Amino acid sequence: MTDVRNLWASMARTALVPEAASTSARSGRVALYAGAGAELAHYEVDVANATLIKRGAVTLPANVQYAWPHQSGHYLYVASSNGGPRASGDKHYASAFRIELATGALTARGAVVPLHARPIHLATDIPSAHVLIAYNLPSSLTVHRLNADGTLGNEVQQPAPLDTGIYAHQVRVDPSGRCAVLVTRGNSAAGGKPEDPGALKIFDYRDGVLTNRSSFAPHGGYGYGPRHLDFHPDGPWLFVSLERQNKLCAYKLQDGPVEPQLLYTRETLIDAGQQRPSQLAGTLHVHPNGRTLYVANRASGTTEVAGQKVFAGGENNIAVYAVDPATGEPSLIQHADTRGLQPRTFALDPSGRLLVVANAISLKVQDLAHVISVPASLAVFRIGDDGRLDYVRKYDVEAGGSTLFWMGMVGL
């Protein structure tokens, strides 16, 4: 069942293929890509020494939202938009780049494709014959063909309306290639507006065509805010992070779709009883060997100190869980401080030896009697044989007032 889920090795666990993994193991070359504003920077990764060296950057037509590699490892697809979490924007695009396998440098490939709304996530199907794109406002989903030369092709017209829920946040095709899952987060109650329910929207999938199959929404989706999912590489399990509830859930896969029953629920925070505003669970990735999984805890709430907006406290860490190979049960074994704020995304290298966290924002922090500024950064951790994380170093990132919104790694 290991296919697309090893090319980022954590995006990269959000996509890594056997041929890419074996090539990476032979060459030892790994590229890291990180998007802040419209710039998508390229770093050379030295896995043995746990170091990053910035080698260059390309500019997108709008702010980077997400990226995903072709299963061959030769191309990278990038979504960009001038929209954001609370702004719909009016410029939205999908772009294709060729990855130079000797260096990791990116070169634009084909025409930029305009999109109808902000693309918050995209992923290819298992053979990378199509790319699926999720949009949050309005919540929707499209499928686009990928041409043999790696360029973006035409949108696949769906035969019937799709049930795309409220606030789509991620889309994935399952390892069988016959099922697609759209993660719809919903929204918290705010400003006199009631809560919007969340759900996992499940579709039959064949050659770019989606058919509504089921909607998994316990308790009608109220109190259920799924943000991110990943599949186990060997067992029949699906893991989902619940953003607003700060929880990790495990489900069983049965011939593609998610079974409507919960296997396990685990807390993601050190102190689940002391949740602060803007304390949210985020990205989730399973280690390529399937024995460990990782969930980001992120906090960014502020308070005022001497006329300045200062971090109000909370957990910015990676929760590490051991996964039982017989049952899929996750057991918490570590919380690793990310040494920064708002770890929105993180990735593993294809060999599963390094984990890099993108601390997304710069923010002032109260440090004893002083207020200091903590910049956005890339924090590098070694992964032990037991899956635990050992902090090595971090690289501050000058984001020019933008958010370090996305990052991932690919083996060359």
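Residues numbered from 1 in each chain as written. Predicted model: local features only at pLDDT ≥ 70, side-chain atom pairs only at ≥ 80, totals over all residues. Heavy atoms only, no water.

Describe the overall build of the protein chain, naming the residues involved and giving the relevant values.
Looking only at helices and strands, the protein chain has one helix and 33 strands in total. Taken over the C-alpha trace, the protein chain has a radius of gyration of 20 Å; the compact-globule value for 412 residues is 22 Å, and the two agree within 12%. In terms of overall dimensions, the protein chain has C-alpha extents of about 60 × 50 × 50 Å along its principal axes. For the protein chain, the proportion of its 412 residues judged to be buried stands at 57%. (Helix = DSSP H or I, 4+ residues; strand = E, 2+ residues; numbered from the N terminus. Rg over C-alpha atoms; globule rule 2.2 N^0.38 Å. Buried < 20%, exposed > 50% of the residue type's maximum accessible area, 1.4 Å probe, protein only.)

How would you explain the state of the cysteines if you had to name every residue and give the values?
For the coordinates displayed, the defined rule picks out zero disulfides. With no disulfide of its own, Cys249 has Cys179 as its nearest cysteine by sulfur position, at a separation of 18 Å. (Disulfide = S-S within 2.5 Å.)

With reference to specific residues and values, describe the pattern of salt bridges.
Within this structure, the stated rule accounts for 14 salt bridges. Salt-bridge contacts for Arg213 lead to Asp204; the nearest nitrogen and oxygen are separated by 2.8 Å. Within this structure, Arg185, Arg227, Glu243 and Arg298 form a network of salt bridges that share partners. (Salt bridge = Lys/Arg side-chain N within 4 Å of Asp/Glu carboxyl O.)

Just give me the short version of the confidence of the model for the protein chain, but keep the residues and values in it.
When pLDDT is low, close inspection of the predicted coordinates is not appropriate. Considering every residue of the protein chain, the mean pLDDT works out to 91; 92% of them sit at 70 or more. Scored below 50 in pLDDT, residues 1–26 makes 108 contacts in the model with residues more than four places away or belonging to other chains. (pLDDT = per-residue confidence, 0-100. Contact = heavy atoms within 4.5 Å.)

Got a sec to walk through the nonpolar core? Specific residues and values, please.
Formed by 32 residues in total, the largest nonpolar core has its most connected members in Tyr33, Leu40, Leu76, Val78, Leu106, Leu122 and Leu152. Those elements giving two or more residues to this core turn out to be β1 (30–36), β4 (63–69), β5 (75–81), β6 (92–99), β9 (119–124), β10 (130–135) and β33 (404–411). Residue contributions to this core peak at five residues, all from β5. Contacts of Leu106, omitting those with residues within four sequence positions, involve Tyr33, Leu40, Val58, Leu76, Phe97, Arg98 and Ile99. (Core = buried A, V, L, I, M, F, W, Y, C linked by side-chain atoms within 4.5 Å.)

Any details on the sheet that holds strand β14 (residues 179–184)? Residues and values, ideally.
Taking strand neighbours across the sheet as the criterion, the four strands line up as β13-β14-β15-β16 in an open arrangement whose pairing is antiparallel. The open sheet is flanked by β13 (168–173) and β16 (209–216), the only strands paired with a single partner. Put simply, the sheet's adjacent strands are angled 25° from each other on average, direction ignored. Alignment of strand β15 (residues 199–206) against β16, held across seven bridges, turns out to be antiparallel. Bridge assignment links Ile202 to a residue of β16, and that residue is Ser214. (Pairing = 2+ DSSP bridges. Axes fitted to C-alpha atoms, helices over the stretch in contact; angles between N-to-C directions.)

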